[in-house]
Amino acid sequence: MVATLTSDESKATLSHSPMHRFPFKVSYLLDIPIASLNYQQILGYLEQQIHLRQKTFCVTLNLDILRLAYEVKGFHSVIKKADFVFADGMPIIWLSWLKTGNTVRTAPLPERIPGCDIVQDLCHLSHEKGYTIFILGAASGVAEVAKAKLEEKLPNIQVVGTYAPASEELKDLQKSKAILENINATNADILFVALGAPKQETWIANHIDQLTPFVIVPCGGSIDFIAGTQKKSPSWIGRLGFEWLYRLAHNPGRLFHRYILNDLPFLLKAGCSRKILRSDNL
Ligand code: UDP
C-alpha cells in the first residue's frame, strides 16, 4: 500500500495550494495547511515518504496544539516548519467546517486522524515491511516497556533504539547533539518523539536538518498507551469528539487546566475568530 493519491487528487492540489507545495488538497486553520485526506491516504502517504527517503516532519494537530500555536510566541513558526500536518481530533474538523475567506484555497477535512492510531499502524508496517523505529521520550523506562509489548504482539517489529532524555538535555546544545548522533547511528526510518506539546514539535523543528529518519512524528501520550501507563479512549468516544472528556476523567489533576481552563474557551474563541478560520489574512 504505497502511493494512495490518485492523479485527480494530485492535480487538485495545484489549484488548492498557494505554494504549489503539497501533492494533496489542504485546509487552513491559523494559516496552517492541514492535509485533507482520509486515514488510509495519510498512512499511505507516510509509507510513500519512507519509500522515497523523503524527510517528513509531521504534526498531529489537535486543539491544544492549535491553541499553543495561537498563544505561545514562536510556536506558530515551529508548526509552519512541518512538512505534513493532519487533523488529530474532532475540534479541528469542526473548525474546518466553519471556514470563511478564500474557499478556493481550502478543502473540507474528511475525518479525524488519531495520531496514536497512526503510531500503532506505523508499528504494524515495521513488522510487515521491516522499517526501523526509534522512540525518543516518554518517562524513563516507558519506551522500553512499549518496545517489549510491541515485540510480543508484532514479532518482526524493528524498534532499533529508545531514549528518555531529561529536560536539561533537550535545552543543552551539546547534549542534544549526542541525542541526534544516537538516533542517526541507528539508521531508523521512523522517529517517534514523545515529549508532550510544545516541547516535542519545537525540538524536532530545531533539529530537523540534522535528523536522518524519514518520517518524524511527535506523538504525545501514544507510547504511554502502548506501554499501558495511560488509558486510551475507545475510538467511538473519539469519533464523537469526547476523547478529552475520557482522558480528563482518568487524569483530572493533570488535564483539568489544559482542557477546561485553556482548550474549551479557546474552541469557542476560535469558532468566532476570522484570524483562525481565514487562511489568507496572516
Ligand atoms: N514527556 C517527556 N518529557 C517531558 C514532558 C513529557 O518525556 O519533558 C512525555 C510524557 O512522559 C508522556 C509524553 O511526553 O509520555 C506525552 O506527554 P503528554 O501526556 O503531555 O502528551 P499528550 O498526549 O497528553 O498531549
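Right, let's walk through the structure included here. (Residues numbered from 1 in each chain as written. Predicted model: local features only at pLDDT ≥ 70, side-chain atom pairs only at ≥ 80, totals over all residues.)

### Here we look at the nonpolar core
Turning to step 1, where the next piece is worked out: Core analysis: the biggest nonpolar cluster contains 76 residues, and Ile34, Leu61, Ile135, Phe192, Val193 and Ile223 have the highest contact counts within it.
Turning to step 2, where the next piece is worked out: Among the elements that take part in this core, helix α6 (residues 115–129) stands out by supplying six residues, more than any other.
Turning to step 3, where the next piece is worked out: Setting aside chain neighbours within four positions, we find phenylalanine 192 in contact with Val119, Ile133, Ile135, Leu136, Val217, Cys219, Ser222 and Ile223. (Core = buried A, V, L, I, M, F, W, Y, C linked by C-beta atoms within 7 Å. Buried ≥ 20, exposed ≤ 12 C-beta atoms within 10 Å, placed from the backbone. Helix = DSSP H or I, 4+ residues; strand = E, 2+ residues; numbered from the N terminus. Contact = placed C-beta atoms within 7 Å.)

### Examining the packing of helix α3 (residues 63–71) against helix α14 (residues 252–271)
Between two packed helices, both the angle of their axes relative to each other and the distance between the axes serve to describe the pair.
Turning to step 1, where the next piece is worked out: Viewed as axis vectors pointing N to C, α3 and α14 meet at an angle of 75°, and their least axial separation amounts to 10 Å. If you check the angle between α3 and α14, you find them roughly perpendicular. Between α3 and α14, the residues in contact are Leu63, Asp64 and Arg67 and Arg258, Asn262, Asp263, Phe266 and Leu267, respectively.
Turning to step 2, where the next piece is worked out: Among the residues making up the contact of α3 with α14, the classes are represented as three nonpolar, one polar and four charged. (Axes fitted to C-alpha atoms, helices over the stretch in contact; angles between N-to-C directions. Parallel < 35°, antiparallel > 145°, perpendicular 65-115°, else oblique. Nonpolar A, V, L, I, M, F, W, Y, C, P; charged D, E, K, R; others polar.)

### Digging into the site of the ligand
Turning to step 1, where the next piece is worked out: Taken together, 14 residues lie near the ligand, and Gly137, Ala138, Gly196, Gly220 and Gly221 sit nearest.
Turning to step 2, where the next piece is worked out: Residues belonging to the shell around the ligand are distributed by class as follows: seven nonpolar, five polar and two charged. (Near = placed C-beta within 6 Å.)

### Concerning the sheet that holds strand β7 (residues 190–194)
Turning to step 1, where the next piece is worked out: Read across the sheet, six strands follow the order β4-β3-β8-β7-β5-β6 without closing on themselves; strand pairing throughout is parallel. Unpaired on one side and paired on the other, β4 (84–87) and β6 (158–163) mark the two borders of the sheet. The mean angle between the axes of side-by-side strands here comes to 20°, regardless of whether they run parallel or antiparallel.
Turning to step 2, where the next piece is worked out: Direction of pairing for strand β5 (residues 132–137) relative to β7: parallel, over a ladder of five bridges. Bridge pairing in β7 links isoleucine 135 to phenylalanine 192. (Pairing = 2+ DSSP bridges.)

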